[in-house]
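# Observations on chain architecture
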Amino acid sequence: MSVDLAAVVQALGGELHGISTTTISGLASLETAGPSELSFLSNPRYRQQLLSSRAGCVIVAPDMEATAKERGACIVADQPYLYFARLTQWWKAQTRPQVDAGIHPSAVIDPTAEIHPSARIGALCVVERGAHIGANTVLKARVTVGEDCVVGERCMVHSGVVIGADGFGFAPNGDAWEKIEQLGAVRIGNDVEIGANTCIDRGALQDTVIEDGVKLDNLIQIGHNVRIGRNTAMAGCVGVAGSATIGANCTVGGGAIILGHLTVGPNVNISAATVVSKSILKPGHYTGVFPIDDNASWERNAATLKQLHSLRDRIKTLEKETQK
Amino acid sequence: MSVDLAAVVQALGGELHGISTTTISGLASLETAGPSELSFLSNPRYRQQLLSSRAGCVIVAPDMEATAKERGACIVADQPYLYFARLTQWWKAQTRPQVDAGIHPSAVIDPTAEIHPSARIGALCVVERGAHIGANTVLKARVTVGEDCVVGERCMVHSGVVIGADGFGFAPNGDAWEKIEQLGAVRIGNDVEIGANTCIDRGALQDTVIEDGVKLDNLIQIGHNVRIGRNTAMAGCVGVAGSATIGANCTVGGGAIILGHLTVGPNVNISAATVVSKSILKPGHYTGVFPIDDNASWERNAATLKQLHSLRDRIKTLEKETQK
Amino acid sequence: MSVDLAAVVQALGGELHGISTTTISGLASLETAGPSELSFLSNPRYRQQLLSSRAGCVIVAPDMEATAKERGACIVADQPYLYFARLTQWWKAQTRPQVDAGIHPSAVIDPTAEIHPSARIGALCVVERGAHIGANTVLKARVTVGEDCVVGERCMVHSGVVIGADGFGFAPNGDAWEKIEQLGAVRIGNDVEIGANTCIDRGALQDTVIEDGVKLDNLIQIGHNVRIGRNTAMAGCVGVAGSATIGANCTVGGGAIILGHLTVGPNVNISAATVVSKSILKPGHYTGVFPIDDNASWERNAATLKQLHSLRDRIKTLEKETQK
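Bear in mind the structure is a predicted one, so any value in this text is a computation, not a measurement.

A few words now on the interface of chain C and chain B. In this assembly, 67 residues from chain C lie in contact with 71 residues from chain B. Taking both partners together, chain C and chain B bury about 5700 Å²; carbon and sulfur atoms supply 64% of that area. Linking chain C to chain B there are 27 residue pairs in polar contact (both at pLDDT 80 or more). Contributions of two or more residues to the side of chain C that touches chain B are made by helix H4 (80-95), strand E25 (215-216), strand E28 (233-234), strand E37 (293-294), helix H5 (295-305) and helix H6 (308-323) of chain C. Broken down by element, the residue count for the side of chain C that touches chain B peaks at nine residues, all from H4 of chain C. Two elements, strand E36 (residues 284-287) of chain B and E37 of chain C, share two bridges in a ladder whose sense is antiparallel. Bridge pairing in E37 of chain C links Thr287 of chain B to Asp293 of chain C.

Laid out in structure tokens, this is it:
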């Protein structure tokens, strides 16, 4: 399969310069691209990779136009990375068979569920009583949407996702636990993407809420009554405990844990594997990770860490002694 | 839908006082409840929220009766949180359609599996050869129960759970790995709840055992030959490595990792994201988490942490110098 | 069911000594084995357990032959643990019904997928367009293999696995995110085992690659464009972020997080719950875990940890003072 570069520019905009080949057969990174492939430079730091790239054409920002022209053909666009993202979408539409809307015959859909005719429900999905799936939303294969849960428009829900399992709620009853039935549901906005095997629990009394534009990677756990603000993105293996409220435009790195009943404000960036143990209201970048080391060094430092508080006291004592 | 408060008290006990409205339309927290909603106060610390709540009626403990009456209607019960848990169960039974026992036609059940007639097997479940599902147990949609595995009575198994996949066992064979077939199974007691997409592996030679009343949240990994004692509860994303033995009445916070071949005694509480790297035999509360900080502060402290052992030596040297 | 020990040795080699019983009914550990069970000693450290074991027969290395004979019957083999692994395979073949190759009628297979006739596709699997499943590979129940993904020969893929969901790729578009379509696939080599509910994402432009002999436990997340080298093994709950390259013959402990766009060389061992935040090129054992402690001690030390960098400065100051 090959695509005319002129068609790319016609569809997506940008200015095509110094063209040598007129057709491309694929998209690739600067390092791996060959003469029939289209690549992109998103960060001026990779200027050297641009110059040495064998790509047939490279998408660059206006300030890299002169440099790019030294090398060969280029498309100049204001935001090359965004342009590239749209190019992947266009490319997919050109090269892959369209999949029709509709419900796969193997899916199990409760008759009271409402599924927009433009939605696509994959093989072996389960959509329970009273659930609602919005326009142009795609459930890939083997997704569960529980009772009364709502998924908005243009969402992409990957295989194995479970929306609307019971939140984890029990009251102590002597040594045993008494179940608190989870009477709320899950409400998911528009343009949300949910990665494979991720779970979003239904609320206890009110709903768990995922706002528009949120992007969740794979194997994420969202507890009951969590609220995640617009356009917040979370990488894989994150866990968010019940009743946490997370603001808009946050990013959460892979494997981070956010404890329950706390608030993370908007525009907060949490590093991978960090434990958010208290509310964070000020925008910024937060981290808490034990640094990796060779095991022997780690053992020494970790052992000393258990005496850290007493070391501080010994420093205080020394300071007093020295001041005498 | 609305429910008469007298019917609540008749079903669940407690004393109804100072009633102004006779019907309620829902359950809600103190903060969000309106005049037609029933709420509860589980902790005397929230006294102020009680006084300002707009709830139509509040469930309180006997020692809060006087305060609650100042505000309006209340139900007095010995354990308000337990009362509330039972209320959610009663409420669900009143307001949601009953789901009949039986096997969904889309489930794939091996003819040698034994399923109690009062059990409910959801859509697209797989129950393999020789498995046993006890009375009144519910498998929600898309659950796998592997060969010879046993699930007790009154269990609730959420969507996507995998019981009885092979434990992770391989013997080194030069650079490669030779599979150790997992010849044990999984035995799950009564009144166990298992959250969405959680996995419980079959044992290598003997069985993996989950005792009565255990509650497991979503996306938990239980390795082969683990034993979890009665009524222990684990939050989401916990991993328990092979052959760990965990006592009764423990709690394990979300994202904690328990290493293999160790013992955690009864009545141990592990904080979220803590790594249990050795046996813990003494009841108590244990933690090991790097505290979150702004990224710049974290970077400075984490870098210094790699020198911690040598800092201790420098303190020792200083102490000797100072004592001269 | 009982098996003649002579048949074991005939099938798997080794020398049978001092036999008292001729049939065994099962395999068991040294501690639990009874007189009709076969056990093994893989590590000379457990010599005492050998001597006190009630096992009918024990597999031992040549250097333990004399000791083992004191106790009773034994099979002498060069690598007892490897012998034991093969014994579990042989035992399973003797004692469990064979499962035929073929595609379970409830599986949903795209007509363009290529499935080797000797492969076995379990109940309720989904194999999408253009996917390829190699000879003697087993997909257990409820596995998804996405478009154009390739699974090699003799692989074992456990229930709930998702191969080929979209990698997590978005370009910023103002406050929102623009999807980068994931145009690559997943290529999995031969003799790979993948644990329950593990996810392996498709690549953005090129493929995600899992080389021959890799063993992945349950609930692992493998991001897009990751490459995992031959025979590397990862325990449960590991997360590997996009474009990480991991060498051959590594081991990664449970719950570890490997950040994206970095390289881990061959023969690297990562401890459980460690965060790999930079490339590791030198073989060895690496760790980064906050040591567990009783909560009160942890609180003191964790609080002091936030002042660690300033403590170092205070030590420096003291050193200067003392040197005066």
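Continuing now.
So, on to the relation of the copies chain C and chain A. The two copies are related by a screw operation: chain C maps onto chain A through 120° of rotation and 0.0 Å of translation along the axis, at an RMSD of 0.0 Å. When the rotation and shift are considered jointly, the pair of chain copies conforms to a three-fold rotation axis. By C-alpha distance to the rotation axis, the residue of chain C lying nearest is Phe290 of chain C, at 3.4 Å.

All names here are of chain A. Spatially, eight strands are ordered E10-E13-E16-E21-E24-E27-E30-E33 in an open sheet, and the strand pairing comes out parallel. Each having just a single partner strand, strand E10 (114-115) and strand E33 (263-264) make up the two edges of the open sheet. Looking at chain direction, strand E24 (residues 208-210) and strand E27 (residues 227-228) are connected through two bridges and run parallel. Directly across from Ile210, in E27, lies its bridge partner Ile228.

Looking now at the pairing of strand E18 (residues 162-165) of chain B. All names here are of chain B. Here two bridges tie strand E15 (residues 144-145) to E18, and the two strands are oriented parallel to one another. Along E18, the bridge assignment pairs Val145 with Ile163. Where E18 lies against strand E23 (residues 199-201), three bridges are found, and the strand directions are parallel. Considered in E23, the bridge of Val162 is made with Cys199.

As a further point, take the pattern of salt bridges. Residues and elements named next belong to chain A. Applying the stated criterion across every chain yields a total of 39 salt bridges over all chains. One salt bridge connects Glu147 with Arg129, and the closest N-O pair in it is separated by 2.7 Å. Taken together, the residues Glu147 in the loop between strand E15 (144-145) and strand E16 (150-151) and Arg129 in the loop between strand E12 (126-127) and strand E13 (132-133) connect sequence positions 18 residues apart. Glu147 gets classed as buried once you look at its relative accessible area, which sits at 15%. Each member of the salt-bridge network shares a partner with another, and the members are Glu153, Arg154 and Asp191.

Those residues carrying the UniProt feature "active site" (unreviewed entry) are His224 of chain A in this numbering. Here His224 of chain A lies in the loop between strand E26 (221-222) and E27.

Looking now at the packing of helix H6 (residues 308-323) of chain A against H6 of chain C. At a minimum axis distance of 10 Å, the contact between H6 of chain A and H6 of chain C shows a crossing angle of 30°. The element H6 of chain A and its partner H6 of chain C pack so that their crossing is left-handed. In this structure, H6 of chain A contributes Leu308, Arg312, Ile315, Lys316, Leu318, Glu319 and Thr322 of chain A to the contact, and H6 of chain C contributes Leu308, Leu311, Arg314, Ile315, Leu318 and Glu321 of chain C. For the contact of H6 of chain A with H6 of chain C, a count of residues per class yields seven nonpolar, one polar and five charged.

With 71 residues of chain C in contact, the opposing surface of chain A contributes 67 residues. For the pair chain C and chain A, the summed buried area comes to about 5700 Å², and 63% of that belongs to carbon and sulfur atoms. When the buried area of chain C at its contact with chain A is split by residue, Phe168, Trp177 and Leu183 of chain C rank highest and sum to 11% of it. Two residues, Glu178 of chain C and Arg86 of chain A, come together in a salt bridge whose shortest N-O distance is 3.8 Å. Connecting chain C to chain A are 27 residue pairs in polar contact (both at pLDDT 80 or more). Listing elements by their share of the side of chain C that touches chain A, those giving two or more residues are strand E18 (162-165), strand E19 (170-173), strand E20 (176-179), strand E23 (199-201), strand E35 (275-276), strand E36 (284-287), H5 and H6 of chain C. A class-by-class count of the residues in the side of chain C that touches chain A yields 37 nonpolar, 18 polar and 16 charged.

Inspection of the secondary structure puts Arg312 of chain C in helix H6. With near-sequence residues (within four places) excluded, Arg312 of chain C lies in contact with Thr304, Gln307 and Leu311 of chain B.

Attention shifts here to the sheet that holds strand E6 (residues 57-60) of chain B. Each strand in a sheet pairs with its neighbour through backbone hydrogen bonds, running either in the same direction (parallel) or in the opposite one (antiparallel). Residues and elements named next belong to chain B. Pairing in this open sheet of five strands is mixed, and the strands run E2-E7-E6-E5-E4 from one edge to the other. Two strands close off the open sheet at either side, each with one partner strand: strand E2 (15-17) and strand E4 (26-27). Bridge count for E6 against strand E7 (residues 74-76) is three bridges, and the pairing is parallel. Counted as the bridge partner of Val60 is Val76 from E7.

The next point concerns empty space enclosed by the protein. Enumeration over the complete set of coordinates arrives at five cavities of 30 Å³ or more. Quantified by volume, the largest cavity comes out at close to 480 Å³. Along the walls of the largest cavity sit 27 residues, with Gly255 of chain A, Gly255 and Ile257 of chain B together with Gly255 and Ile257 of chain C positioned nearest its centre. Residues belonging to the lining of the largest cavity are distributed by class as follows: 21 nonpolar, six polar and no charged. Considering the residues around the second largest cavity, the lining is formed by Glu128, Thr144, Gly146, Val162, Ile163, Gly164 and Ala165 of chain A together with Lys140, His158 and Ser159 of chain B. Ranked by the residues each element gives to the lining of the second largest cavity, the list is headed by strand E18 (residues 162-165) of chain A, at four residues. Classifying every residue of the lining of the second largest cavity by side-chain character gives three nonpolar, five polar and two charged.

Attention now moves to the pairing of strand E19 (residues 170-173) of chain B. In this structure, E19 of chain B lies alongside strand E20 (residues 176-179) of chain B, joined through four bridges in antiparallel fashion. Opposite Ala171 of chain B, over in E20 of chain B, you have Glu178 of chain B as the bridge partner.

So, about the state of the cysteines. Using the criterion set out here, one finds zero disulfides over all chains in the structure. Here Cys149 of chain A stays free of any disulfide, with the sulfur of Cys199 of chain A as its closest cysteine sulfur at 12 Å. We note that Cys199 of chain C lacks a disulfide partner, and the nearest cysteine sulfur, in Cys237 of chain A, lies 8.4 Å from it.

As enumerated under the stated definition, the model contains 15 aromatic pairs over all chains in all. Seen in terms of ring centroids, Phe40 of chain B and Phe84 of chain B are 4.0 Å apart; in terms of plane orientation they differ by 15°. Their pairing is stacked. Of this pair, Phe40 of chain B sits in strand E5 (residues 37-40) while Phe84 of chain B sits in helix H4 (residues 80-95), and the two are 44 residues apart along the sequence. We note that Phe40 of chain B, like Phe84 of chain B, is buried. Through a chain of ring-to-ring contacts, three or more aromatic side chains come together here, namely Phe40, Tyr81 and Phe84 of chain A.

What counts, and where the lines are drawn
- Sequence order as written defines residue numbering, which begins from 1 separately in each chain.
- Each chain gets a letter, beginning with A, and each ligand a number, beginning with 1, in the order they are written.
- Reporting in this predicted model follows two pLDDT cut-offs: at least 70 for local features of residues, and 80 or more for side-chain atom pairs to be given and counted; totals over whole chains, interfaces and linings ignore these cut-offs and use all residues.
- Calculated side-chain values reflect all of the structure's heavy atoms, with hydrogen atoms and water omitted.
- By definition in these notes, contact holds between two residues if any of their heavy atoms fall within 4.5 Å.
- Accessible area, probed at 1.4 Å, shrinks when two parts are joined; the buried area is that loss added up over both.
- Under the rule applied, a polar contact is a pair of N or O atoms within 3.5 Å (in protein, one hydrogen donor and one hydrogen acceptor; residues adjacent in sequence only if both atoms are side-chain atoms).
- Helix numbers and strand numbers start at the N terminus; a helix is a DSSP run of H or I with at least 4 residues, a strand a run of E with at least 2.
- At least two DSSP bridges between two strands are needed for those strands to be called paired.
- The copies were overlaid with a least-squares fit restricted to C-alpha atoms from residues scoring a pLDDT of at least 70 in each copy.
- Any Lys or Arg side-chain nitrogen found within 4 Å of a carboxyl oxygen on Asp or Glu counts as a salt bridge.
- A simple rule labels every residue: compare its accessible area, found with a 1.4 Å probe on the protein chains alone, to the largest value its type can have, and call it buried under 20%, exposed over 50%, or partly exposed in between.
- UniProt positions are given in the numbering used here, feature names are shortened, and annotations may be inferred rather than shown by experiment.
- Helix axes use the C-alpha atoms of the stretch in contact, all axes being lines fitted to C-alpha atoms, and the angles between their N-to-C directions lie in the range 0 to 180 degrees.
- Definitions for this section: a left-handed crossing has its near helix turned counterclockwise from the far helix by less than a right angle. A right-handed crossing has that turn clockwise.
- Throughout this entry, Asp, Glu, Lys and Arg are counted as charged residues, while Ala, Val, Leu, Ile, Met, Phe, Trp, Tyr, Cys and Pro are counted as nonpolar. The remaining residues, Gly among them, count as polar.
- Using only the protein atoms, space was sampled on a 1 Å grid; points where a 1.4 Å probe fits but cannot get out form cavities, open sets with protein on both sides within 12 Å along at least five of seven lines form pockets, and lining residues are those with an atom within 4 Å of a point.
- Grid points are joined across faces, edges and corners, and a volume is the space filled by probe spheres set on the points.
- Only a pair of cysteine sulfur atoms within 2.5 Å counts as a disulfide in this structure description.
- Note on ring pairs: Phe, Tyr and Trp rings are taken, using the six-membered ring of Trp, and paired if centres are within 6.5 Å. Classes follow the plane angle, with under 30 degrees stacked, over 60 edge-to-face and the rest tilted.

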